[in-house]
Amino acid sequence: MTSSGSVISKVSDTVFSKQAIRYVCSTHFWGPVSNFGIPIAAIMDLKKDPEYISGPMTGALVVYSCVFMKYAVSITPWNPLLLGCHIVNECAQLTQGYRFLNHFYFGGKEKALLNKKD
């Protein structure tokens, strides 16, 4: 059994190691972190009216995330943070795409108008 002091010491040594600091100061870290704004915005928009969803932009973001998921796996060193960012974005954009199609092409707009009248 290890004491809590040695566990804290090991965590501290790992977090403040030269390798960890080098990673946090690299584009392999800050690129995906800054890119997380796209999926966060899409997730925040899930409760908004689907009338404001841009179908072409949503489609472009679906393709973009697919391409960069492949890129995140293909580059050396492998970038799991970038892969995670694009997995979250892909799911969020596919959900937005479903909402767009449902609203404009599968009767969602008409149902919403009928519910407003009642």
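One can find the structure itself at the top, above this paragraph.
Our subject in this report is the structure included herewith. (Residues numbered from 1 in each chain as written. Predicted model: local features only at pLDDT ≥ 70, side-chain atom pairs only at ≥ 80, totals over all residues. Heavy atoms only, no water.)

### What about the overall build of the protein?
- Regarding its fold elements, the protein presents seven helices and zero strands.
- When the helices and strands of the protein are listed from N to C terminus, the series reads α-α-α-α-α-α-α.
- At 21 Å, the protein has a C-alpha radius of gyration far larger than the 13 Å of a compact globule built from 118 residues.
- The principal-axis extent of the C-alpha atoms belonging to the protein is close to 65 × 35 × 25 Å.
- Sorting the 118 residues of the protein into buried and exposed places 25% on the buried side.
- Taking as baseline every contact in the protein between residues at least 6 positions apart, the subset at least 24 positions apart corresponds to 74%.
- On the protein, roughly 8500 Å² of surface is accessible, and the fraction owed to carbon and sulfur atoms is 69%.
- Charge-centre separation for the protein: the mean point of 11 positive side chains lies 8 Å from the mean point of 7 negative side chains. (Helix = DSSP H or I, 4+ residues; strand = E, 2+ residues; numbered from the N terminus. Rg over C-alpha atoms; globule rule 2.2 N^0.38 Å. Buried < 20%, exposed > 50% of the residue type's maximum accessible area, 1.4 Å probe, protein only. Contact = heavy atoms within 4.5 Å. Areas by Shrake-Rupley, 256 points an atom, 1.4 Å probe, with all protein chains shown as cover. Lys, Arg positive; Asp, Glu negative; His and termini not counted. Charge placed at Lys NZ, Arg CZ, Asp CG, Glu CD.)

### A closer look at the packing of helix 5 (residues 55–74) against helix 6 (residues 80–105)
- The interhelical angle for the contact between helix 5 and helix 6, taken along N-to-C directions, is 155°, at an axis separation of 8 Å. Between helix 5 and helix 6, the angle falls in the class roughly antiparallel. Read as a crossing pair, helix 5 and helix 6 show a hand that is left-handed. Residues Gly 55, Thr 58, Leu 61, Val 62, Tyr 64, Ser 65, Cys 66, Phe 68, Met 69, Tyr 71, Ala 72 and Val 73 of helix 5 lie in contact with helix 6, whose contacting residues are Leu 82, Leu 83, His 86, Ile 87, Asn 89, Glu 90, Gln 93, Leu 94, Gln 96, Gly 97 and Phe 100.
- In terms of residue class, the contact of helix 5 with helix 6 is made up of 14 nonpolar, eight polar and one charged. (Axes fitted to C-alpha atoms, helices over the stretch in contact; angles between N-to-C directions. Parallel < 35°, antiparallel > 145°, perpendicular 65-115°, else oblique. Left-handed = near helix turned anticlockwise from the far one by under 90°. Nonpolar A, V, L, I, M, F, W, Y, C, P; charged D, E, K, R; others polar.)

### Re unusual backbone geometry
- Here the amide bond leading from Thr 76 into Pro 77 is cis, since omega sits at -5°, within 30 degrees of zero.
- With respect to the helices and strands, Pro 77 occurs in the loop between helix 5 and helix 6.

### A few points about the side chain of Gln 93
- Assignment of secondary structure puts Gln 93 in helix 6.
- Judged by relative accessible area, which is 4%, Gln 93 ranks as buried.
- Residue contacts for Gln 93: discarding those within four places in its chain leaves Ile 38, Ala 42, Thr 58, Leu 61 and Val 62.

### Regarding the packing of helix 4 (residues 37–44) against helix 6
- Viewed as axis vectors pointing N to C, helix 4 and helix 6 meet at an angle of 30°, and their least axial separation amounts to 9 Å. Between helix 4 and helix 6, the interaxial angle falls into the category roughly parallel. Seen along the crossing, helix 4 lies across helix 6 with a hand that is left-handed. In this structure, helix 4 contributes Ile 38, Pro 39, Ala 42 and Ile 43 to the contact, and helix 6 contributes Cys 85, Val 88, Asn 89, Ala 92, Gln 93 and Gln 96.
- In terms of residue class, the contact of helix 4 with helix 6 is built from seven nonpolar, three polar and no charged.

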